[in-house]
Amino acid sequence: DDLMSLFNGNPPQEFSGIFEDGAGNFSVIAFPAKNIWDPDFEKDFLSRMKAIDKEATGLPFIGKLMIEKTKAALYRTEYLAIVLILAIALIDFRNIIFCILVAIPPIFSIISIKAYMVSTGMLFNPLNIMAIPIVLGTAIDNSVHLVHRFKVEEGDLNHTLRGAGKSI
């Protein structure tokens, strides 16, 4: 009804068949005027879209849902992952010192990511949410390889860093 009032009840002929379903219902595509990942703008934009149509959908709605679900999952799994990493490292190395050495890079990665986000005011968005597990996985993988190499080199840090350190 609101759309029809914009056209005085007669939408342009170009809309027929593309934006109209034949029963007089139209599809409307709204483009945000600002950054949709800005929480204040996102909230305003989404509420305005829902006020127009309760069934409004699209990437901003899906993105918001994805961010909320993924952020909740990240917080739930963060501490569980640390405990599991330590447990697996302890089983693998059978040495608490090596276990702690494996844990240092991922723990510092988590601290660094959070510190950077807080200091820059960066919020979670689809890209950084997808990047965080990759960064942590790489930190864990590299630390495990480095500690294994350290064991093979019988504690010689120079040989360890010249071998595995270069590839890492």
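See above for the structure.
Residues numbered from 1 in each chain as written. Predicted model: local features only at pLDDT ≥ 70, side-chain atom pairs only at ≥ 80, totals over all residues. Heavy atoms only, no water.

### Focus: the overall build of the chain
Link 1 in the chain: Counting secondary structure elements, the chain contains 6 helices and 0 strands.
Link 2 in the chain: Each helix (α) and strand (β) of the chain, taken in turn from the N terminus, gives the series α-α-α-α-α-α.
Link 3 in the chain: In the chain, which comprises 168 residues, the proportion classed as buried is 22%.
Link 4 in the chain: Of the roughly 12,100 Å² of accessible surface on the chain, a fraction of 64% belongs to carbon and sulfur atoms. (Helix = DSSP H or I, 4+ residues; strand = E, 2+ residues; numbered from the N terminus. Buried < 20%, exposed > 50% of the residue type's maximum accessible area, 1.4 Å probe, protein only. Areas by Shrake-Rupley, 256 points an atom, 1.4 Å probe, with all protein chains shown as cover.)

### Some details on the packing of aromatic side chains
Link 1 in the chain: Taken as a whole, this structure holds 3 aromatic pairs when the rule is applied.
Link 2 in the chain: When the centroid spacing of 6.0 Å and the interplanar angle of 65 degrees are considered together, the rings of Phe 93 and Phe 98 count as edge-to-face. For the pair formed by Phe 93 and Phe 98, the shared burial category is buried.
Link 3 in the chain: Within the aromatic cluster, the residues linked to one another by ring pairs are Phe 93, Phe 98 and Phe 150.
Link 4 in the chain: Here the basic side chain of Lys 50 rests over the ring of Phe 61, its NZ or CZ set 4.9 Å away from the ring centre. (Phe/Tyr/Trp six-rings, centres within 6.5 Å; stacked < 30°, edge-to-face > 60°. Lys NZ or Arg CZ within 6 Å of the ring centre and 35° of its normal.)

### Description of the pattern of salt bridges
Link 1 in the chain: Tallied over the entire structure, the rule returns 3 salt bridges.
Link 2 in the chain: For Asp 44, the salt bridge identified is with Arg 48, shortest N-O distance 3.8 Å. Of this pair, Asp 44 and Arg 48 both sit in helix α2 (residues 39-52), 4 residues apart, which is roughly one turn of that helix.
Link 3 in the chain: Classification of Asp 44 by relative accessible area gives partly exposed; the value is 37%.
Link 4 in the chain: For Glu 153, the salt bridge goes to Arg 149, with nearest N and O atoms at 2.8 Å.
Link 5 in the chain: Accessibility expressed as a relative area gives 33% for Arg 149, which makes it partly exposed. (Salt bridge = Lys/Arg side-chain N within 4 Å of Asp/Glu carboxyl O.)

### Structural notes on the nonpolar core
Link 1 in the chain: Ile 67, Leu 74, Ile 110, Ile 113, Met 117, Phe 124, Ile 129, Ile 132 and Leu 136 form the largest nonpolar core, which has 9 residues in total.
Link 2 in the chain: Contributing elements (two or more residues each) for this core: α3 (59-93), α4 (96-120) and α5 (126-152).
Link 3 in the chain: Sequence-distant contacts of Ile 113, that is, excluding residues within four places in its chain, are made with Ile 132 and Val 135. (Core = buried A, V, L, I, M, F, W, Y, C linked by side-chain atoms within 4.5 Å. Contact = heavy atoms within 4.5 Å.)

### Considering the side chain of Ser 143
Link 1 in the chain: Within the secondary structure, Ser 143 is located in helix α5.
Link 2 in the chain: With relative accessibility at 4%, the residue Ser 143 sits in the buried group.
Link 3 in the chain: Within polar-contact distance, the side chain of Ser 143 engages the backbone oxygen of Val 102 at 3.0 Å.
Link 4 in the chain: Ignoring anything within four residues of it in the chain, the contact list for Ser 143 reads Leu 101, Val 102, Pro 105 and Pro 106. (Polar contact = N/O pair within 3.5 Å; in protein donor to acceptor, adjacent residues only side chain to side chain.)

These figures capture arrangement, not role.
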